[in-house]
Amino acid sequence: MRIGELAAAVGVTTRAVRHYHHLGLLPEPERLSNGYRNYTLRHAVVLARIRRLTELGVGLAEVRDVLADDAGKDLAEVLTELDEDLARQEAAVRERRQRLRALLEAGTAGEPSAWGPLSPELARLLAGLPDTGSPMAAKDREMLALIETTAAPEARERLLSALRGALDDPDVLARVQEAYALLDALADAKTGDPGVERAARALAACIPAELLRAEDVGEHDAFLRAFYADFAPAQAEAVRRALHLLTGERP
């Protein structure tokens with residue numbers, strides 16, 4: 001194959017092919033007597049692998065490592081892995097489209113979408129919470145929507161399973177409302193306010209412990225830093241303490 005044929009077959013530009021050559025990601029092919037590069041199926045497989053990895057957000061330095069690991073594999077094995085990658089992406093696209101269709105159907109049926117976009121199941125679960133006008137409850141709904149949208153499928157199912165179990169219990173609902181009220185009361189408080197500890201313990205009593213691991217609450221985690229920044233200082237301190245209470249870590 002010539003470079004243009006290779007690029008067209010894989011769906012990239014000839015400029016990209018030359019760039020990957022320059023970076024050493026794509027091996028140089030043998031040249032014909034006329035000086036033109038002669039690309040083989042192996043080059044097409046490697047180039048497709050690079051394209052798939054970069055589309056998944058993998059940096060070129062990491063792509064280099066992946067390709068180095070593939071170097072000792074035969075062509076059939078690499079092709080099988082490429083096929084499996086595509087199958088996973090197709091499954092993920094189908095799942096997103098199903099969720100989108102459900103959201104569209106919910107919207108046309110006139111269902112509320114103030115917390116959206118949510119999956120129908122999470123919308124049903126949150127609809128079971130009494131609307132007290134609590135600012136903290138509104139933040140909680142937004143955070144649950146964010147987590148459900150961005151979490152991996154197994155983590156999302158773990159979240160929904162925990163919520164199903166918790167929100168079906170009237171005692172848990174009462175504790176949730178108490179925690180919201182205590183956290184709302186800290187909106188203008190100092191971090192040393194005695195209410196911080198009360199709110200932390202009330203919040204910890206509402207969160208299923210199996211949802212959290214100690215490594216999830218690291219102080220250097222960028223997501224958590226942004227999460228805490230969305231609260232007033234005393235509220236953030238109460239949430240921080242609650243998470244540490246649940247994981248057995250010292251705040």
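As the structure is a prediction and not an experimental result, all values here were calculated from the model.

**Considering helix 6 (residues 120-127)**
So, step 1. Those residues of helix 6 that sit buried are Leu122, Leu125 and Leu126. Mapping the buried residues of helix 6 onto a view down its axis gives an arc of 95 degrees, with all of them on the same face. With respect to the buried face of helix 6, the exposed residues turned more than 90 degrees away are Arg124 and Ala127.

**Concerning the nonpolar core**
So, step 1. Judged by nonpolar contacts, the single largest core of 38 residues is most densely connected at Leu129, Leu183, Leu186 and Val239.
So, step 2. At the level of elements, helix 6, helix 7 (135-150), helix 8 (153-167), helix 9 (170-184), helix 10 (194-204), helix 11 (222-229) and helix 12 (233-247) are the ones that each hand at least two residues to this core.
So, step 3. Ranked by the residues each element gives to this core, the list is headed by helix 12, at seven residues.
So, step 4. Not counting chain neighbours up to four residues away, the residues in contact with Leu186 comprise Asp193, Gly195, Val196, Ala199, Ala232, Ala234, Gln235 and Ala238.
So, step 5. Residues Ala7, Leu25, Ala44 and Leu53 belong to the second largest nonpolar core, which totals 18 residues.

**Notes on the confidence of the model for the protein chain**
So, step 1. Per-residue confidence for the protein chain averages 79 on the pLDDT scale, and 80% of its residues sit at or above 70.
So, step 2. Across residues 108-115, where pLDDT falls below 50, the model places six contacts with residues more than four positions away in sequence or in other chains.

**Re helix 9**
So, step 1. Given a rise of 1.5 Å per residue, 15 residues ought to cover 21 Å, and the 21 Å separating the end C-alpha atoms of helix 9 matches this to within 8%.
So, step 2. Within helix 9, burial applies to Val172, Leu173, Val176, Gln177, Ala179, Tyr180 and Leu183. Relative to the axis of helix 9, the buried residues are bounded by an arc of 160 degrees and lie together on one face. Away from its buried face, by an angle of more than 90 degrees, helix 9 presents the exposed residues Pro170 and Asp171.

**Remarks on the side chain of Arg52**
So, step 1. The residue Arg52 is located in helix 3 (residues 41-55) in this model.
So, step 2. On the accessibility criterion, Arg52 (14% relative accessible area) is buried.
So, step 3. Those residues in contact with Arg52 that sit more than four places away from it in its chain are Leu82, Leu86 and Gln89.

**Section: the pattern of salt bridges**
So, step 1. Considering all chains together, one arrives at eight salt bridges under this definition.
So, step 2. For Lys139, the salt bridge is made with Asp230, and the minimal N-O distance between the two is 3.1 Å. Placement of the pair is Lys139 in helix 7 and Asp230 in the loop between helix 11 and helix 12, with a sequence separation of 91 residues.
So, step 3. The partly exposed category is assigned to Lys139, whose relative accessible area is 25%.

**Describing the environment of Leu25**
So, step 1. The residue Leu25 is located in the loop between helix 2 (14-23) and strand 1 (30-31) in this model.
So, step 2. What Leu25 contacts, discounting residues up to four positions off in sequence, is Tyr20, Val46, Ile50, Leu60, Val63, Arg64 and Leu67.

**Concerning the environment of Thr247**
So, step 1. Tracing the backbone through its elements, the reader meets Thr247 in helix 12.
So, step 2. The exposure class of Thr247 is buried, given its relative accessible area of 17%.
So, step 3. Considering only alpha carbons, one finds Thr247 and Ala204, 43 residues apart in sequence, at a separation of 9.9 Å.

**Quick look at the side chain of Ser134**
So, step 1. Mapped onto the secondary structure, Ser134 falls in the loop between helix 6 and helix 7.
So, step 2. The buried category is assigned to Ser134, whose relative accessible area is 10%.
So, step 3. Looking at Ser134, its side chain comes within polar contact range of the main-chain nitrogen of Ala137, at 3.1 Å.
So, step 4. If we ignore the near neighbours within four places in the chain, the residues touching Ser134 are Tyr180 and Asp184.

**Describing the packing of helix 1 (residues 3-10) against helix 2**
So, step 1. Two elements in contact, helix 1 and helix 2, have axes separated by 8 Å at closest approach and are oriented at 105 degrees. The pairing of helix 1 with helix 2 is recorded here as roughly perpendicular in orientation. On helix 2, the residues that touch Ile3, Gly4, Leu6 and Ala7 of helix 1 are Thr14, Val17 and Arg18.
So, step 2. Here the contact of helix 1 with helix 2 is composed, by residue class, of four nonpolar, two polar and one charged.

Reading the values: rules and limits
- Every residue gets a number counted from 1 within its own chain, in the order that chain's sequence is written.
- This being a predicted model, a pLDDT of at least 70 is required before a residue's local features are given, and a value of 80 or more before pairs of side-chain atoms are given or counted; all residues contribute to the totals for chains, interfaces and linings.
- In computing side-chain properties, one takes all heavy atoms of the structure into account and sets aside hydrogens as well as water.
- Think of it in three bands: with a 1.4 Å probe and only protein chains considered, a residue is buried below 20% of the maximum accessible area for its type, exposed above 50%, and partly exposed in between.
- Helix and strand assignments come from DSSP, with helices taken as H or I runs of at least 4 residues and strands as E runs of at least 2, each series counted from the N terminus.
- In this context, the arc is that of the directions from the helix axis out to the C-beta atoms.
- We call a set of buried residues a nonpolar core when its members are Ala, Val, Leu, Ile, Met, Phe, Trp, Tyr or Cys and they connect through side-chain atoms within 4.5 Å of each other.
- Here a residue-residue contact requires only that any non-hydrogen atoms of the pair lie within 4.5 Å.
- For every residue, the predictor assigns a confidence score, pLDDT, that lies between 0 and 100.
- A helix is expected to span 1.5 Å for every residue after the first.
- Salt bridge criterion: a side-chain nitrogen from Lys or Arg within 4 Å of a carboxyl oxygen from Asp or Glu.
- Two N or O atoms count as a polar contact when they lie within 3.5 Å, although within protein this holds only if one can serve as hydrogen donor and the other as acceptor, and sequence-adjacent residues are included solely when both atoms are side-chain atoms.
- Axis definition: a line fit to C-alpha positions, over the contact stretch in the case of helices; interaxial angles, taken between N-to-C directions, run 0 to 180 degrees.
- Here is the rule for angles: anything less than 35 degrees is roughly parallel, anything more than 145 is roughly antiparallel, 65 through 115 is roughly perpendicular, and the remaining ranges are oblique.
- Ten residues, namely Ala, Val, Leu, Ile, Met, Phe, Trp, Tyr, Cys and Pro, are considered nonpolar, four, namely Asp, Glu, Lys and Arg, are considered charged, and the remaining ones, Gly among them, are considered polar.

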